[in-house]
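So the chains spell out like this:
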Amino acid sequence: LSQLVTVLGKACTGTEPLSASFAHAGVRVVRGPDWKWGLQDGGGVGIVQGPSSMAGWVRVQWENSLQTADYRVGFEEFHDLFVAGPD
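Residues numbered from 1 in each chain as written. Predicted model: local features only at pLDDT ≥ 70, side-chain atom pairs only at ≥ 80, totals over all residues. Heavy atoms only, no water.

## Quick word on the overall build of the chain
Alright, step 1. Scanning the chain for helices and strands turns up zero helices and seven strands.
Alright, step 2. Reading the chain from its N end, one meets helices and strands in the order β-β-β-β-β-β-β.
Alright, step 3. Within the span of the chain, comprising 87 residues, buried residues form 39% of the whole.
Alright, step 4. Entry remark: accessible area of the chain is about 4,700 Å², with carbon and sulfur atoms responsible for 55%. (Helix = DSSP H or I, 4+ residues; strand = E, 2+ residues; numbered from the N terminus. Buried < 20%, exposed > 50% of the residue type's maximum accessible area, 1.4 Å probe, protein only. Areas by Shrake-Rupley, 256 points an atom, 1.4 Å probe, with all protein chains shown as cover.)

The following block contains the structure:
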């Protein structure tokens, strides 16, 4: 996951936590440094669906598990997600 990814014209690495400024619909994500959600991700990649109703959170749908849930992208300085590298 150390490849470069471009999100809205900005380069970021696949090992960088997803921040609110990069958390836009369609961004591919994987578990990040503060992940505490067990197997919700099905061990795979998710797609940001958009912002959550809570500030500092985003909604993600996981490709493997098909679950959709909200994750922290800066709330209380926690980052549950990394930006995923390209396929």
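## A closer look at the pairing of strand β3 (residues 28–31)
Alright, step 1. Across two bridges, the pairing between β3 and strand β4 (residues 46–51) is antiparallel. Pairing of arginine 28 across the sheet is with isoleucine 47, part of β4. (Pairing = 2+ DSSP bridges.)

## Concerning the sheet that holds strand β6 (residues 68–72)
Alright, step 1. The antiparallel open sheet is built from five strands, whose spatial order is β6-β5-β4-β3-β7. Because the sheet does not close on itself, it has two edges, and the strands there are β6 and β7 (81–83). The sheet shows a mean angle of 45° between the axes of neighbouring strands, taken without regard to direction.
Alright, step 2. Pairing analysis gives five bridges linking strand β5 (residues 57–62) to β6, with the strands arranged antiparallel. If you follow valine 60 over to β6, its bridge partner there is alanine 69. (Axes fitted to C-alpha atoms, helices over the stretch in contact; angles between N-to-C directions.)

Keep in mind these numbers describe shape, not what the thing actually does.
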